[in-house]
Amino acid sequence: FLSIKFPIPGDPPLVGGIATEITQRKHMEEELRIALRSRDDVLAVVSHDLRGPLGTVELSASALLGELAGDNWARRHLELIHRACTRMEHLINDLLDTASLRAGRLYLNIQPEPADAVLVEVLDLHAPIAEERGIQLVRESNAAGIDIDCDRHRVLQVFGNLIGNAIKFCRAGDTITVGAETDHRFITFSVLDTGPGVPPDAAPHLFQPYWSAPGHVKQGAGLGLYIARGIVEQHGGQIWLESGPSSGARFLFTLPISQEHRSAP
């Protein structure tokens, strides 16, 4: 059926009204883009400028810790300052990375790296804090002898965000398994935990910036998974979640295998 709408006397012209609405919408979208760009620029500048005084506080606290070996009260407070500085440094780095991702300026130093060696370093970095929480951290990999084209520091950052989240939600007695599987072009890395899993209504929002699950005690700015996604996508890979509401969470991401290791399909 063909439906034709005739103008009613007194109504504004349809074509002109639509054109005006489209123009206003474009104007609002442009203003929003400018506002977001300005916010990210301010975040980048402020975050960069905070590094100087924060470094001074951290160095002074470390120096005093060495001088006050016998004063337990002073040492305890200096250790609190040192931990607070570390958290602030992580937040500053996350804000800078977020601004770089939004501006398309995240620098990657791509080199061939042995996949298994990266996994070994990941476990060496995170096993102590996992053991401290009573959580077992294990490795499963069939990537022996395979190199990946990646920025090693940034890949360790992705693993750090994924394993850090798993440790945060796991309980004593849980297990976190870091794995790797290969195909002709990519290695698929995974971080699987036996924790409580991710609620279905939360899963679509996990990789959004500044997002935290309702009812969750917020720790950090909610940027870790957003940055992890940006780093993986900058490498030409993908990152996603496989999880049930009570069966643990499994995060996976792909990275390209070095050219010399690729097999013909």
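Residues numbered from 1 in each chain as written. Predicted model: local features only at pLDDT ≥ 70, side-chain atom pairs only at ≥ 80, totals over all residues. Heavy atoms only, no water.

Throughout the structure, instances matching the rule amount to four aromatic pairs. Clustering of aromatic rings is evident, with ring pairs tying together Phe159, Phe189 and Phe253. (Phe/Tyr/Trp six-rings, centres within 6.5 Å; stacked < 30°, edge-to-face > 60°.)

What follows concerns the confidence of the model for the protein chain. Per-residue pLDDT for the protein chain has a mean of 81; in total, 79% of the residues score no lower than 70. Looking at the elements of the protein chain, mean pLDDT is at its lowest for helix α1 (residues 14–67), recorded as 71, and at its highest for strand β7 (residues 249–256), recorded as 95. (pLDDT = per-residue confidence, 0-100. Helix = DSSP H or I, 4+ residues; strand = E, 2+ residues; numbered from the N terminus.)

An α-helical turn contains 3.6 residues, so any two residues separated by three or four positions project in the same direction. Given a rise of 1.5 Å per residue, 18 residues ought to cover 26 Å, and the 27 Å separating the end C-alpha atoms of helix α3 (residues 115–132) matches this to within 8%. Taken as a whole, α3 carries its principal kink of about 45° at His126; the proline Pro128 stands between one and four residues after it. Within the sequence span of α3, burial applies to Ala115, Asp116, Val118, Leu119, Val122, Leu123, His126, Ala127 and Ala130. Buried residues along α3 sit in contact with β1 (111–114), β2 (136–141), β3 (147–150), α4 (152–169), β4 (175–182) and β5 (186–193). Residue Gly134 follows α3 closely and has a positive phi angle near 75°. (Expected span 1.5 Å × (residues − 1). Bend = angle between axes of the 7 residues up to and from the residue. Buried < 20%, exposed > 50% of the residue type's maximum accessible area, 1.4 Å probe, protein only. Contact = heavy atoms within 4.5 Å.)

Here we come to the packing of α4 against helix α5 (residues 224–234). Running from N to C, α4 and α5 cross one another at 145°; their axes reach a closest spacing of 9 Å. Where α4 crosses over α5, the handedness of that crossing is left-handed. Each of Arg154, Gln157, Val158, Asn161, Leu162 and Asn165 in α4 lies in contact with α5, whose residues at this interface are Gly224, Leu225, Ile227, Ala228, Ile231 and Val232. Per-class residue counts for the contact of α4 with α5 are seven nonpolar, four polar and one charged. (Axes fitted to C-alpha atoms, helices over the stretch in contact; angles between N-to-C directions. Left-handed = near helix turned anticlockwise from the far one by under 90°. Nonpolar A, V, L, I, M, F, W, Y, C, P; charged D, E, K, R; others polar.)

On to the environment of Ala202, then. Here Ala202 lies in the loop between β5 and α5. For Ala202, a relative accessible area of 6% corresponds to the buried category. Through-space distance from the C-alpha of Ala202 to that of Ser212 is 8.8 Å; in sequence the pair is ten residues apart.

Turning our attention to the pattern of salt bridges. Close approach of charged atoms allows side chains of opposite charge to pair. Inspection of every chain in the model, using the stated rule, returns seven salt bridges. Two residues, Arg75 and Glu79, come together in a salt bridge whose shortest N-O distance is 3.9 Å. Of this pair, Arg75 and Glu79 both sit in helix α2 (residues 72–103), four residues apart, roughly one helical turn. Since its relative accessible area comes to 24%, Arg75 is described here as partly exposed. For the salt bridge of Arg250 with Glu242, the shortest nitrogen-to-oxygen distance reads 3.4 Å. Residue Arg250 is classed as partly exposed on the basis of its relative accessible area of 25%. Assessed through its relative accessible area of 39%, Glu242 is described here as partly exposed. (Salt bridge = Lys/Arg side-chain N within 4 Å of Asp/Glu carboxyl O.)

Time to look at the sheet that holds strand β6 (residues 239–243). Taken in spatial order, the five strands line up as β2-β4-β5-β7-β6 in an open sheet, and their pairing is mixed. Strands with a single pairing partner mark the edges of an open sheet, and in this sheet they are β2 and β6. Strand after strand, the sheet turns through a mean of 15° between neighbouring axes, direction not considered. Pairing of β2 with β4 involves six bridges; the strand directions are parallel. For Ser141, the partnering residue across the bridge sits in β4 and is Ala180. In the packing of α3 onto the sheet, the strands contacted are β2, β4 and β5, and the crossing angle to β2 comes to about 170°. (Pairing = 2+ DSSP bridges.)

Turning next to the side chain of Thr188. With respect to the helices and strands, the residue Thr188 is situated in strand β5. Contact partners of Thr188, with chain neighbours within four places excluded, come to Gly179, Ala180, Glu181, Trp240, Leu252, Phe253 and Thr254.

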